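Each chain, written out:
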Amino acid sequence: MSNSSLIAPPALVQRDQKHDTAAVQTLDSAHFIHPFTDHADLAAQGAKVIVKADNIHVFDSEGHKMLDAMSGLWCVNAGYARKELADAAYQQMMTLPFYNNFFNTTNVPAVRLAAKLASLAPEVDGRSFRHVFYSSSGSESNDTNVRMVRRYWDLLGQPQRKVIIGRLNGYHGSTMAGASLGGMSGMHAQGDLPIPDIQHIEQPYFAEKARAGESAAEFGVRAARWLEDKILAVGPDRVAAFIGEPVQGAGGVIIPPDTYWPEIQRIVDKYGILLISDEVICAFGRLGHWFAYEKFGYKPDLITFAKGVTSGYVPLGGVMVGDRVAKVLIEQGGEFNHGYTYSGHPVACAVALANIELMEREGLVERVRNDTGPYLAERFEELQAHPLVGAADTCGFVGGITLVKNKATMAAFDADVGVGMICRGHCFKNGLIMRAVGDRMIIAPPLVMTRAQVDELMGLIKLCLDATLDELRSAGKLA
Ligand SMILES: *Cc1c(COP(=O)(O)O)cnc(C)c1O
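Residues numbered from 1 in each chain as written. Predicted model: local features only at pLDDT ≥ 70, side-chain atom pairs only at ≥ 80, totals over all residues. Heavy atoms only, no water.

A. Structural context of the overall build of the protein chain. Regarding its fold elements, the protein chain presents 19 helices and 15 strands. Rg of the C-alpha trace for the protein chain: 23 Å, near the compact-globule value of 23 Å for 479 residues, within the 12% margin. Each of the three principal axes of the protein chain carries a C-alpha extent, and together these read 65 × 65 × 50 Å. Taking all 479 residues of the protein chain together, 53% fall into the buried category. Put simply, 70% of the contacts in the protein chain that link residues at least 6 apart link residues at least 24 apart. Of the roughly 21000 Å² of accessible surface on the protein chain, a fraction of 54% belongs to carbon and sulfur atoms. Of the charged side chains in the protein chain, 45 are positive and 53 negative, and the gap between their average positions amounts to 2 Å. (Helix = DSSP H or I, 4+ residues; strand = E, 2+ residues; numbered from the N terminus. Rg over C-alpha atoms; globule rule 2.2 N^0.38 Å. Buried < 20%, exposed > 50% of the residue type's maximum accessible area, 1.4 Å probe, protein only. Contact = heavy atoms within 4.5 Å. Areas by Shrake-Rupley, 256 points an atom, 1.4 Å probe, with all protein chains shown as cover. Lys, Arg positive; Asp, Glu negative; His and termini not counted. Charge placed at Lys NZ, Arg CZ, Asp CG, Glu CD.)

B. Region of the structure containing the confidence of the model for the protein chain. Taken as a whole, the protein chain shows an average pLDDT of 96; of its residues, 97% reach a score of 70 or greater. Predicted confidence for residues 1-5 stays below pLDDT 50, and this span has three contacts to residues more than four positions away or in other chains. (pLDDT = per-residue confidence, 0-100.)

C. View of the packing of aromatic side chains. Enumeration according to the criterion identifies 15 aromatic pairs in this entry. Measuring from centroid to centroid gives 5.5 Å for Y260 and W261, while their planes differ by 80 degrees, and the two rings are edge-to-face. A residue is classified by how much of its surface remains accessible, and W261, at 1% relative accessible area, is buried. Among the aromatic residues, those joined into a cluster by ring pairs are F129, F284, W290, F291, Y293 and F305. (Phe/Tyr/Trp six-rings, centres within 6.5 Å; stacked < 30°, edge-to-face > 60°.)

D. Layout of the sheet that holds strand β1 (residues 50-54). Reading across the sheet, the four strands line up as β1-β2-β3-β13 and stay open at both edges, with mixed pairing between neighbours. Looking along the sheet, the strands with just one partner apiece sit at the ends: β1 and β13 (432-433). Pairing analysis gives three bridges linking strand β2 (residues 57-60) to strand β3 (residues 65-68), with the strands arranged antiparallel. Looking at β3, one finds that H57 is bridged to L67. (Pairing = 2+ DSSP bridges.)

E. Structural view of the domain arrangement of the protein chain. What the domain assignment reports for the protein chain is domain 1 (48-81 + 364-474) and domain 2 (87-362). Between the C-alpha centres of domain 1 and domain 2 there is a distance of 27 Å. Each partner contributes to the interface: domain 1 provides 33 residues, whereas domain 2 provides 28 residues. Carbon and sulfur atoms make up 62% of the surface buried where domain 1 meets domain 2, a total of about 2300 Å² over both sides. Looking only at domain 1, the three residues that lose the most surface to domain 2 are W74, V365 and C395, adding up to 27% of its buried area. The tally of links between domain 1 and domain 2 comes to zero salt bridges. (Domains from an automatic or database assignment. Buried area = accessible area lost by both parts, 1.4 Å probe. Salt bridge = Lys/Arg side-chain N within 4 Å of Asp/Glu carboxyl O.)

F. Spatial organisation of the side chain of E245. As for its placement among the helices and strands, E245 is situated in the loop between β7 (239-244) and α12 (260-271). Of the side chains with opposite charge, R167 comes closest to the buried, unpaired E245, at an N-O distance of 4.9 Å.

G. Main features of helix α19 (residues 451-474). Along its 24 residues, α19 runs 35 Å from first to last C-alpha, staying within 8% of the 34 Å computed at 1.5 Å per residue. For α19, the set of buried residues is Q453, V454, L457, M458, L460, I461, C464, L465, T468, L469 and L472. Where α19 ends, the next residue or the one after it, G476, has phi of about 65 degrees, a positive value. (Expected span 1.5 Å × (residues − 1).)

H. Here's a closer look at the sheet that holds strand β4 (residues 129-135). Pairing within the open sheet is mixed, and its seven strands lie in the order β4-β10-β9-β8-β7-β5-β6. With one partner strand each, in any of the chains shown, β4 and β6 (198-201) form the two edges of the open sheet. Taking the axes of each pair of neighbouring strands and ignoring which way they run, one obtains an average angle of 25 degrees across the sheet. Strand direction decides the pairing type here: β7 and strand β8 (residues 274-278), joined by four bridges, are parallel. Within the sheet, the bridge partner assigned to G244 lies in β8 and is S277. Along the sheet, helix α11 (residues 216-234) makes contact with β5 (163-167), β6 and β7, crossing β6 at roughly 145 degrees. Set on the sheet, α12 makes contact with β5, β6, β7 and β8; between it and β7 the angle comes to about 170 degrees. (Axes fitted to C-alpha atoms, helices over the stretch in contact; angles between N-to-C directions.)

I. Structural detail: the packing of helix α7 (residues 138-155) against helix α14 (residues 323-332). Interaxial distance between α7 and α14 falls to 10 Å at its minimum, and their mutual angle equals 70 degrees. Taken as axis vectors, α7 and α14 run roughly perpendicular relative to one another. The two elements α7 and α14 meet at a crossing, and its hand is left-handed. Side by side, α7 and α14 meet where M148, R151, Y152, W153 and L155 of the first sit next to R324, V325, V328, L329 and Q332 of the second. (Parallel < 35°, antiparallel > 145°, perpendicular 65-115°, else oblique. Left-handed = near helix turned anticlockwise from the far one by under 90°.)

J. Focus on the pattern of salt bridges. Counting across every chain of the model gives 26 salt bridges. Residue K299 is joined to D125 by a salt bridge in which the shortest nitrogen-to-oxygen separation is 3.0 Å. Of this pair, K299 sits in the loop between α13 (293-296) and β9 (302-305) while D125 sits in the loop between α6 (108-120) and β4, and the two are 174 residues apart along the sequence. A salt bridge links D393 to R440; its shortest N-O distance comes to 2.7 Å. Residue D393 is found in strand β11 (residues 389-395), and its partner R440 is found in strand β15 (residues 440-443); the two are separated by 47 residues along the sequence. Residue R440 is classed as buried on the basis of its relative accessible area, which comes to 6%. Put simply, R225, E228, E263, R266 and K270 are held in one network by salt bridges that share partners.

What follows is the structure, encoded as structure tokens:
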């Protein structure tokens, strides 16, 4: 079998910085297995080749400029091409590019970042977060959570407490434990997941699960009580922890009613189980706070973070370990036989410190909370009038738009229409990156966005909704 592309790779970038898109696509489909991708489809279409980015825009190899309303993948909070972050990486690489933190060694950026993160996590009712365990991703961090939670209960003499409860349509990553904690049916269907002792309850999605006449507040309490039902079904002395995203991201930006999290807190307190807040998307300003539990008023024992901590410039993740767990794990635990080569990677930690410094200097968290976040919400309200839009809601700098076939009856499109993908196609064509989750179009824009750029975004969204409407109308797909 010939493998000529390996022996003589074609010039992918010419001297004048023009890209040979077809050559990149050919090499791509010959050698690169992509995450979450149907490769027959990819080979037929050819991958979109992203070559550079600046502020809130990305550029492809054909010179198209696109407004990136997804912040890469929910992570480029500080926007693209931030010199401060590149400088921090360069300086740290030239000073100490790597050293491990096993066997009683440490490095300065990892220590400084741990202290900084501890100072950013607000104390609630005397419970604080003084400790951090590092990884390189959200998935790894949730694997750490599973091991840490089980170790905690073992140390307390309750080794039968193994069961961790997550939610259907929740997302906690793609490793064995991450995919198991998450509730994505497509992921569970491949590779015999979930692993043992992971259970799921329904998601708190009002539009899908509310009863006729039920208020959002009533629904929020009822949805939280599904956790209590599950705890009782499993046996309260077997349940170790509950894990949830403050606002579900990958599931389609599902924003729970305000009553949901306080009721979850009441239930985990009643049964003494640990609460894990997976804030991989929601922390670092995404919802207008450094950590999202503050917004919803609950008290997690463990917080998963990743993505926004470095604005995605380099991989870094971790777990904020609250006092309750830290006390047992650190004071009584002896050695915790767990760690990653890159736990506390000096370059990743240096970039995270520079990122947090930049966000503080520019007041990005406060801007999202008090200015641009409310402005985005206000502009999203206007979308409710659009004939295709059944619902449009935001929380801080995430938002979702539900596309419906009939506004009056809220009837959904038939699945074979693929309305989300049609809309996404128009977005790409018109220079806007929005993601489709079923019939819901979702956004998570960079936090550096100004009001004027929110207007630019809304103009593009309206244009793409109109184009989608036109296409559906001429295809006779509307009710
Ligand atoms: C993205 C995500 C993860 C997984 O993070 P990776 O860095 O992709 O492993 C976990 N939890 C949530 C809530 C996420 O959005």
